[in-house]
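Below are the chains, spelled out letter by letter.
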Amino acid sequence: MELLTNPAAGGMSERRRHRLRLEISREASRLFWEHGVAATSGDRIAEAVGLSTRTIWRHFRSKESCAEPIVIKGVAWGTSALRSWPRHLSLDDHLAAEAVRYESAADDLEHADTLLAIKMIRLADHEPLIRTAWLMACDHVESEMTTVIAKRLGLPADDFAVRLYGAAASAAFRVVNEELGAAALRGVVPEGFEDDVIRRLARAVRDATGGAIGDAIGDAIAPADAALRTQQVPVNSIAPVGTNFPGTLNDVGAG
């Protein structure tokens, strides 16, 4: 499974390949959601994209694997936010700031891809091969989380405790995102998320790791950072967390 979350790092041909795979994934995911996986053939995906079926198989090993780029894009925001988490900020404050940045920068296509990612994660509940894509994306989040935790605790990434914390924290991300995504597609707010999605997610990470992960590290917290503690990200303004949730629950429900 390809985990190219930063295509700009590759050459021109690699960037073109990434864009083509993503375009195929958009159409395949749309067809999977609208018609079902069983009713969607490689020929149908190729026709929707305007390519030959042979080209589809050149880029993907199976029709179900066509969902992978959209699912991977769904975790890209979360992994990027984790990599930039500074020691002097709590997880709550950092994600709140990153969510605001995301909402100010995201365009319509970004939100549309977000919605498709949510739909594929929902479809994964009863489509094993689609779930494989989601779980492999979650494994990528776990790897990133473990690296971040090791750095924050000053321990090697293969330390037993660090690996346990990484697994527990990434599982919290996965469960929260699955819960939010399922609720968003129903157009409702899940129980326990009424006030602040970001704080709820950070609390889930703390609970999963026994309080070891989530707080700021260091005695000094800059005044500007302290001010973030009063900032909330309400549930009707959801920015992406582990998966890239769209701007509002209403937007998702309307999809």
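Quick note: structure is the one above.
About the thresholds
Residues numbered from 1 in each chain as written. Predicted model: local features only at pLDDT ≥ 70, side-chain atom pairs only at ≥ 80, totals over all residues. Heavy atoms only, no water. Core = buried A, V, L, I, M, F, W, Y, C linked by side-chain atoms within 4.5 Å. Buried < 20%, exposed > 50% of the residue type's maximum accessible area, 1.4 Å probe, protein only. Helix = DSSP H or I, 4+ residues; strand = E, 2+ residues; numbered from the N terminus. Contact = heavy atoms within 4.5 Å. Salt bridge = Lys/Arg side-chain N within 4 Å of Asp/Glu carboxyl O. Polar contact = N/O pair within 3.5 Å; in protein donor to acceptor, adjacent residues only side chain to side chain. Phe/Tyr/Trp six-rings, centres within 6.5 Å; stacked < 30°, edge-to-face > 60°. Lys NZ or Arg CZ within 6 Å of the ring centre and 35° of its normal. Expected span 1.5 Å × (residues − 1). Axes fitted to C-alpha atoms, helices over the stretch in contact; angles between N-to-C directions. Parallel < 35°, antiparallel > 145°, perpendicular 65-115°, else oblique. Nonpolar A, V, L, I, M, F, W, Y, C, P; charged D, E, K, R; others polar.

Student: How would you summarise the nonpolar core if you had to cite specific residues and measurements?
Tutor: Among the nonpolar cores identified, the biggest contains 51 residues, and Phe-32, Ile-45 and Trp-134 are the most heavily contacted of them. Mapped onto this core, the elements with two or more residues apiece are α1 (12-35), α2 (42-49), α4 (68-83), α5 (91-105), α6 (108-123), α7 (128-153), α8 (160-186) and α9 (197-208). With nine residues, the top contributor of residues to this core is α7. With near-sequence residues (within four places) excluded, Phe-32 lies in contact with Val-37, Thr-40, Ile-45, Lys-63, Glu-64, Ala-67, Met-120, Leu-123 and Ile-130.

Student: Before we move on, can you summarise the pattern of salt bridges with the specific residues and values?
Tutor: Per the counting criterion, the structure on display carries 17 salt bridges. One salt bridge in this structure joins Arg-30 and Glu-34, with 3.2 Å as the shortest N-O distance. Taken as a pair, Arg-30 and Glu-34 lie in helix α1 at a separation of four residues, close to a single helical turn. For Glu-34, a relative accessible area of 48% translates into the label partly exposed. Salt bridges sharing common partners tie together Glu-23, Arg-26, Lys-73, Glu-110 and Asp-113.

Student: Please set out the side chain of Ser-170 residue by residue, giving values where relevant.
Tutor: You can see Ser-170 is positioned in helix α8. The exposure class assigned to Ser-170 is buried, which follows from its relative accessible area of 7%.

Student: Report on the environment of Ser-65, specifying residues and quantitative values.
Tutor: By the secondary structure assignment, Ser-65 is in the loop between α3 (53-59) and α4. What makes Ser-65 buried here is its relative accessible area of 3%. Considered as a pair, Ser-65 and Leu-129 are 64 residues apart in the sequence and their alpha carbons are 7.7 Å apart. At 3.4 Å, the side chain of Ser-65 and the backbone nitrogen of Arg-61 are in polar contact.

Student: Quick one: what's the story with the packing of aromatic side chains, residue by residue and with numbers?
Tutor: What the rule picks out here adds up to one aromatic pair. Relative to Tyr-102, the ring of Trp-77 lies with its centre 6.3 Å away and its plane at 80°, an arrangement referred to as edge-to-face. Taken as a pair, Trp-77 in helix α4 and Tyr-102 in helix α5 lie far apart in primary sequence, 25 residues in all. The ring centre of Trp-85 lies 3.6 Å from the NZ or CZ of Arg-152, which sits over that ring.

Student: Quick rundown of α6? Include the residues and the values.
Tutor: Its 16 residues give α6 an end-to-end C-alpha distance of 22 Å, which sits within 8% of 22 Å, the value for a rise of 1.5 Å per residue. Considered for burial, the residues of α6 that qualify are Glu-110, Asp-113, Thr-114, Leu-115, Leu-116, Ala-117, Ile-118, Lys-119, Met-120, Ile-121 and Leu-123. For α6, the side-chain oxygen to backbone nitrogen distance between the N-cap and Leu-109 is 3.3 Å, and the N-cap itself is Asp-107.

Student: For the packing of α6 against α8, give the residues involved together with the corresponding values.
Tutor: Two numbers describe how α6 lies on α8: the axes approach to 9 Å, and their chain directions differ by 105°. Taken as axis vectors, α6 and α8 run roughly perpendicular relative to one another. Contacts between α6 and α8 involve Leu-115, Ile-118, Lys-119, Ile-121 and Arg-122 on the former and, on the latter, Glu-178, Gly-181, Ala-182 and Leu-185. In terms of residue class, the contact of α6 with α8 is made up of five nonpolar, one polar and three charged.

By themselves, these observations are geometric and do not establish any function.
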